[in-house]
Amino acid sequence: MENHLPIRISIPFVAGVGLAAWLASVGTSMGVLSLVVLSVALLSLAGLVAGRRCDRILLPLMLFALGMFCLSARSADLLGGGFLDAAGNSGVGKKAITAVREMIVSAGFAHEETGPLLRALMTGDRSGLDRGTVAAFRRSGASHLLALSGLHLGVIAVFLNALLSVLGNGRPARIVRSGLLVLFCAAYTIACGASPSLVRALLFIILQQFAAHCPGRRSTSADRLCIAATVQLALDPGSITSPAFQLSYLAMLGIIVIAPRLQDWYPTTALSYRFDPFFAVWKAAGLALSCQLTTAPLVWLRFGSLPRYFLLTNLFAMPVCEALLPVAILTLLLGSPTLLVRLTDWLATLLLQILEIIAGLSS
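Cut-off values and rules
Residues numbered from 1 in each chain as written. Predicted model: local features only at pLDDT ≥ 70, side-chain atom pairs only at ≥ 80, totals over all residues. Heavy atoms only, no water. Salt bridge = Lys/Arg side-chain N within 4 Å of Asp/Glu carboxyl O. Helix = DSSP H or I, 4+ residues; strand = E, 2+ residues; numbered from the N terminus. Expected span 1.5 Å × (residues − 1). Buried < 20%, exposed > 50% of the residue type's maximum accessible area, 1.4 Å probe, protein only. Contact = heavy atoms within 4.5 Å. Polar contact = N/O pair within 3.5 Å; in protein donor to acceptor, adjacent residues only side chain to side chain. Patch = residues over 30% accessible without salt bridge, like charges linked within 9 Å, V, L, I, M, F, W, Y side chains within 5 Å. Areas by Shrake-Rupley, 256 points an atom, 1.4 Å probe, with all protein chains shown as cover. Lys, Arg positive; Asp, Glu negative; His and termini not counted. Charge placed at Lys NZ, Arg CZ, Asp CG, Glu CD. pLDDT = per-residue confidence, 0-100.

With respect to the pattern of salt bridges
Here's step 1: Tallied over the entire structure, the rule returns 2 salt bridges.
Here's step 2: Between Arg101 and Asp125 there is a salt bridge, with its nearest N and O atoms 3.7 Å apart. Taken together, the residues Arg101 in helix H5 (residues 91-106) and Asp125 in the loop between helix H6 (114-123) and helix H7 (131-139) connect sequence positions 24 residues apart.
Here's step 3: Taking the shortest distance from any N to any O, the salt bridge between Arg119 and Asp125 comes out at 3.9 Å.
Here's step 4: Within the structure, one salt-bridge network assembled from shared partners comprises Arg101, Arg119 and Asp125.

Thoughts on helix H8 (residues 150-164)
Here's step 1: Taking 1.5 Å of rise per residue, the 15 residues of H8 would be expected to cover 21 Å, and the 20 Å separating its terminal C-alpha atoms lies within 8% of that figure.
Here's step 2: Listed as buried for H8 are Gly150, His152, Leu153, Val155, Ile156, Ala157, Phe159, Leu160 and Leu164.
Here's step 3: In the core, the buried residues of H8 are packed alongside H6, helix H9 (171-191), helix H10 (196-212) and helix H15 (310-333).

Quick notes on the side chain of Thr313
Here's step 1: Looking at where Thr313 falls in the secondary structure, it is placed in helix H15.
Here's step 2: Judged by relative accessible area, Thr313 falls into the buried class, the value being 0%.
Here's step 3: Within the structure, Thr313 has its side chain in polar contact with the backbone oxygen of Ser140 (distance 2.4 Å).
Here's step 4: If we skip the residues at most four places from it in the chain, Thr313 touches Ser140, Gly141, Ala142, Met318, Leu355 and Ile358.

Overview of unusual backbone geometry
Here's step 1: If you check the backbone angles, Ser336 has positive phi at about 60 degrees while not being a glycine.
Here's step 2: Within the fold, Ser336 resides in the loop between H15 and helix H16 (338-361).

Examining a negative patch on the surface
Here's step 1: Taken together, the side chains of Glu112, Glu113, Asp130 and Glu356 define an acidic patch exposed on the protein surface.
Here's step 2: Classification of Asp130 as partly exposed rests on a relative accessible area of 42%.

Description of helix H12 (residues 243-257)
Working note: α-helix, 3.6 residues per turn, so residues spaced by three or four point in the same direction.
Here's step 1: Its 15 residues place the ends of H12 21 Å apart at the C-alpha level, agreeing with the 21 Å of an ideal helix rising 1.5 Å per residue.
Here's step 2: Where H12 is buried, its residues meet H10, helix H11 (221-235), helix H13 (259-264) and helix H14 (277-303).
Here's step 3: Among the residues of H12, the N-terminal cap falls to Ser242, whose side-chain oxygen and the backbone nitrogen of Ala244 are separated by 3.2 Å.

Notes on a nonpolar patch on the surface
Here's step 1: A surface patch of nonpolar side chains, amounting to about 490 Å² of accessible area, comprises Val166, Leu167, Val176, Leu180 and Leu183.
Here's step 2: Summarising the element assignment, Val176 is placed in helix H9.

Details of the confidence of the model for the protein chain
Here's step 1: Chain-level statistics for the protein chain give a pLDDT mean of 79 and a share of 79% at 70 or above.
Here's step 2: Within the protein chain, helix H4 (residues 83-88) has the poorest average pLDDT of any element, 50, and H16 the best, 92.
Here's step 3: Overall, residues 75-81 carries pLDDT values under 50, and its contacts beyond four positions in sequence, including any with other chains, amount to 12 contacts.

Here it is, written out as structure tokens:
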């Protein structure tokens, strides 16, 4: 992907979708707007086909116009959309989520908070959580853990990839592993309602797997993020107005752009090949700070507040949550053996205790 072509394509397209969303919010007629921007796109395309030497101007202009047309035409009901949402609301998706909830209930967890917490973390169902637990998540800055997001799908994908490693590491085995991984992640995304952040994570996983099987093609995380944004907005341009979409991409932008530079500040030594617990803490803090820097302005504009102790939450609560999810999945898959049930119970209780302590600091 030479000269970061995905970035050059994505930026004008996303900007066009964003402008159309803003114009729609102030009452601009989408029918008229769609015709105008379609005309601009066709004129730009005609200029490119004619071979004019203005491709650096005409190509971004065409992409910008197409981005505007995607949302304006969708708003005017000229295009279809939301097929993932429809699939998630289908009978198959509901049955899958219901089956997971029943497995959690029948697992026999000793602590009454474990089941509702797992239902929230794994299926997005918060109905069983009491007000105190929800408040602890909110005050500690961990509310994003209760909303199914790319974090959840990423943890599940890493865990599933580790399980699938038993298939081997030859090229045919790696292709089968990638296919199974993508299918499972897609099924989970659809079954859980296909929120914008889950769709972003799914597209990122698909692109990562594709890049892994094309070693001759140069691709960066920034390229994949831009491709994911372009594809997602082309399929569902209305998602650009969703806070989940905006926060998900802003958080990933911080992870890709800022986090590596913060990690480079850590002093290296001759023994850098050994496990360094301080570097692990530094890396976790850098990731948390990077996400906070890129999402904080939007969080402040939308919600009027910022979590004070987000670093503590990410340093202490996040590792426990990332351990809890795969352990809980393994517990349910293996029929809830006693040892794993107790381990899941302990991790869930530990997570809640940590969040309550951090929440108490801000009260």
